[in-house]
Amino acid sequence: MLTTLFIVLTASVVLNAAIVLTARWHIQITGDSAQNGAHKAHTGIVPRIGGAAVFAAAALGVLMAMPKLYPAANYVFAAMTACVFLMFGIGFLEDVTKKVRPTIRYSVCIAAALIFSLGNAQLGVKSVDVLLLDAALAYAPVSVLFFAFAVAGMTHACNLIDGQNGLCAGYAIMAYLALGLVAGLTGQAALAVICEVVIAANLGFLFFNFPQGRIFLGDGGAYMNGALIAILAVMVVNGGQGYISPWFALAVLVFPVTETLHSMVRRCREGRAFYEPDDAHLHHLLRDWLEMRSPRLPRYAALIPLAMAAGFMLFAVRSAHSTSQLMLLCALYVLAHLGLYRFARTRVPERTVIRVSD
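Residues numbered from 1 in each chain as written. Predicted model: local features only at pLDDT ≥ 70, side-chain atom pairs only at ≥ 80, totals over all residues. Heavy atoms only, no water.

Q: Looking at this structure, how should I read the overall build of the protein chain?
A: Per the secondary structure count, the protein chain includes 14 helices and two strands. Reported as C-alpha extents along the three principal axes, the dimensions of the protein chain are approximately 50 × 45 × 35 Å. Scored against the burial criterion, the 358 residues of the protein chain give a buried share of 55%. Sequence-distant contacts in the protein chain: of pairs separated by 6 or more residues, those separated by 24 or more amount to 75%. For the protein chain, the accessible surface area stands at approximately 16,000 Å², while carbon and sulfur atoms represent 68% of it. In the protein chain, the 24 positive side-chain charges and the 17 negative ones have mean positions that sit 4 Å from each other. (Helix = DSSP H or I, 4+ residues; strand = E, 2+ residues; numbered from the N terminus. Buried < 20%, exposed > 50% of the residue type's maximum accessible area, 1.4 Å probe, protein only. Contact = heavy atoms within 4.5 Å. Areas by Shrake-Rupley, 256 points an atom, 1.4 Å probe, with all protein chains shown as cover. Lys, Arg positive; Asp, Glu negative; His and termini not counted. Charge placed at Lys NZ, Arg CZ, Asp CG, Glu CD.)

As structure tokens, then:
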């Protein structure tokens, strides 16, 4: 397996390097300009198709790992790759055309998740350890639909936090690590392998994305990571045979979920549409705060929310079996997240919130 991971890491590095080095020939199509959005964390034009390199390297790793696993896992791996490819594909199409409407992207993600679920014995969210909700989730159609909307929502959440060098890929690596550890501890070796492969693929991307920001994941890469993290979270919990609390999945996803829900509430309170993108996210405010201290610091802004999320994720792994502990952990994270947001907001001078096109 170490050989496979080394090859995946090398492939990711080579592919990302190729995109960066050949940028002058494709930047007009693949570039993300600092003028094309609010409060960009970069200057000039940067390729935003790093997700293509991550997906290709991860797919290579899956193909190499499949012969070493039992036949049933091969089918699941193939179906998972196809499902995630659809979500990556619609995001990648947006990256190169800038013309795919959000409703179309979201609909494709829901459809892909439904196809994967129905092709895998109606895979769904079977329990959330809340009595009334569990009664509804006992019905397969409800369970499957909940799964599809959760996966599609996570693609959006990961795309939302993809606004600072290293933030989305860094979070994804931590999430895969937490899921892989729990999968390994509960005898789900195949899922642990998937996590290891995608960690290696994202690490190759990070070499060029953090802290210098020479390439971005783009919508395709964010969608891929978001979808895969959500799918794996559900599968790890379901495969834990009752040992893993459903709240472990939420504890792993709590950072992007909290940022997304908080942003929606904030926009509504400001009299704007809840889905309207802007530049007032936590990572934007932290970047402003660091920039006030030194012009060299903003590129490291992702380290603050990642460090906070890492601590909570570590406790989530240790408490994966306990619903009560995980509920408390999620509540504490939300309070910490909102507290950090308030801290950053009060220390950054009042500025006009810029609305960005999606």
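Q: Is there a simple way to think about the environment of Val8 in this case?
A: Looking at where Val8 falls in the secondary structure, it is placed in helix 1 (residues 2-21). Val8 sits 116 residues away from Gly124 along the chain, and the two C-alpha atoms are 30 Å apart. Contacts of Val8, omitting those with residues within four sequence positions, involve Ala57, Gly61, Val197, Ala200 and Ala201.

Q: Please explain the side chain of Asp95 as it appears in this structure.
A: Among the secondary structure elements, Asp95 is positioned in helix 4 (residues 71-97). By relative accessible area, which is 1% here, Asp95 ends up buried.

Q: Just to check I follow, could you spell out the pattern of salt bridges for this structure?
A: Opposite charge on two side chains makes pairing possible when the charged atoms of those side chains draw close. Tallying each qualifying case throughout the model produces five salt bridges. Close ionic contact of Asp95 with Arg48 constitutes a salt bridge, the shortest N to O distance being 2.8 Å. Of this pair, Asp95 sits in helix 4 while Arg48 sits in the loop between strand 2 (45-47) and helix 3 (50-65), placing them 47 residues apart in sequence. Taking relative accessible area as the criterion, Arg48 reaches 12% and is therefore assigned buried. Between Glu270 and Arg272 there is a salt bridge, and its shortest N-O distance comes to 2.5 Å. Members of the salt-bridge network, linked through shared partners, are Arg48, Asp95, Arg105 and Asp219. (Salt bridge = Lys/Arg side-chain N within 4 Å of Asp/Glu carboxyl O.)

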